Amino acid sequence: MSHAKQFEGRARNRAAMRRAHVHAQRPDRARFLRRWSLLMIASFDSREACAVHFGVTFQTACNWFDGLNAPYGHHVDYAHATLPRFDQIMRRG
């Protein structure tokens, strides 16, 4: 059997793809992204300042400002330690 055909027929079916998509759109994730975005906007005058503060790329800071991507855990810990409005924005009910 050739290597190219070894995995033939093992692709995800439509039902599996739908299940994976549902998990990617969890409401708690969307809420976290919204709050993280608000925290970035409230804490920094510019996306560049955010990128410098966290030591990330400008594109990452843009994604955070726009609520497109979540930060890694160590960024959240650093934000908690260094941003005065963290509790006010991230922990509101």
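The structure under discussion appears in the preceding block.
The shown structure was predicted, so the numbers you read here are calculated from the model rather than taken from an experiment. Starting from 1, residues in each chain are numbered consecutively following that chain's sequence as written. For a predicted model such as this one, the threshold for reporting local features is a pLDDT of at least 70, and the threshold for listing and counting side-chain atom pairs is 80 or more; totals across whole chains, interfaces and linings nevertheless cover every residue. Where side-chain values are given, they derive from all heavy atoms of the structure, hydrogens and water being excluded.

### What to know about the overall build of the chain
What counts as a helix is a DSSP run of H or I of at least four residues, what counts as a strand is a run of E of at least two, and both are numbered from the N terminus. From N to C terminus, the chain includes six helices and zero strands. Helices and strands appear in the chain in the N-to-C order α-α-α-α-α-α. A 1.4 Å probe rolled over the protein chains alone gives each residue an accessible area, and that area as a share of the maximum for its type sets the label: buried under 20%, exposed over 50%, partly exposed in between. Buried positions account for 27% of the 93 residues belonging to the chain. A separation threshold of at least 6 residues defines the contact pool for the chain, and within that pool the share at least 24 residues apart is 57%. For the chain, the exposed surface amounts to about 7,000 Å²; the carbon and sulfur share of it is 53%. Residue contacts follow a heavy-atom distance rule, with two residues in contact if any of their heavy atoms lie within 4.5 Å. Each accessible area is a Shrake-Rupley estimate made with a 1.4 Å probe; only the visible protein chains count as cover when residues are assessed.

### Side note on the nonpolar core
Put simply, buried Ala, Val, Leu, Ile, Met, Phe, Trp, Tyr and Cys residues joined by side-chain atoms within 4.5 Å make one nonpolar core. Within the largest apolar cluster, 17 residues are counted, with the highest numbers of intra-cluster contacts made by Trp36, Leu39, Met40, Cys50 and Phe54. Only helix H2 (27-43), helix H3 (47-54), helix H4 (58-65), helix H5 (73-82) and helix H6 (86-90) provide two or more residues apiece to this core.

### Describing the packing of aromatic side chains
The criterion for an aromatic pair is that two Phe, Tyr or Trp rings (for Trp, the six-membered ring) have centres within 6.5 Å, with stacked assigned to planes under 30 degrees apart, edge-to-face to planes over 60 apart and tilted to the rest. Evaluated as defined, the whole model comprises six aromatic pairs. Summarising the aromatic geometry, the rings of Phe44 and Phe54 are spaced 6.0 Å apart at their centres and angled 65° between planes, so their arrangement reads as edge-to-face. Of this pair, Phe44 sits in the loop between H2 and H3 while Phe54 sits in helix H3, and the two are 10 residues apart along the sequence. Owing to a relative accessible area of 9%, Phe54 belongs among the buried residues under this scheme. These aromatic residues form a ring-pair network of at least three members: Phe32, Trp36, Phe44, Phe54, Trp64 and Tyr78.

### Topic: the environment of Met40
Along the polypeptide, Met40 turns up in helix H2. Taking the C-alpha atoms as reference, Met40 lies 9.4 Å from Ala79; in sequence the two are 39 residues apart. The contacts of Met40, once residues within four sequence positions are left out, are Cys50, Phe54, Trp64, Phe65 and Leu83.

### Here we look at the side chain of Ser37
Positionally, Ser37 belongs in helix H2. A polar atom in the side chain of Ser37 sits 2.5 Å from the backbone oxygen of Phe65. Excluding residues within four positions of it along the chain, Ser37 makes contact with Trp64, Phe65, Asp66 and Gly67. Any N or O atom pair separated by 3.5 Å or less is treated as a polar contact, with the protein-specific requirement of one donor-capable and one acceptor-capable atom, and with residues adjacent in sequence counted only for side-chain atom pairs.

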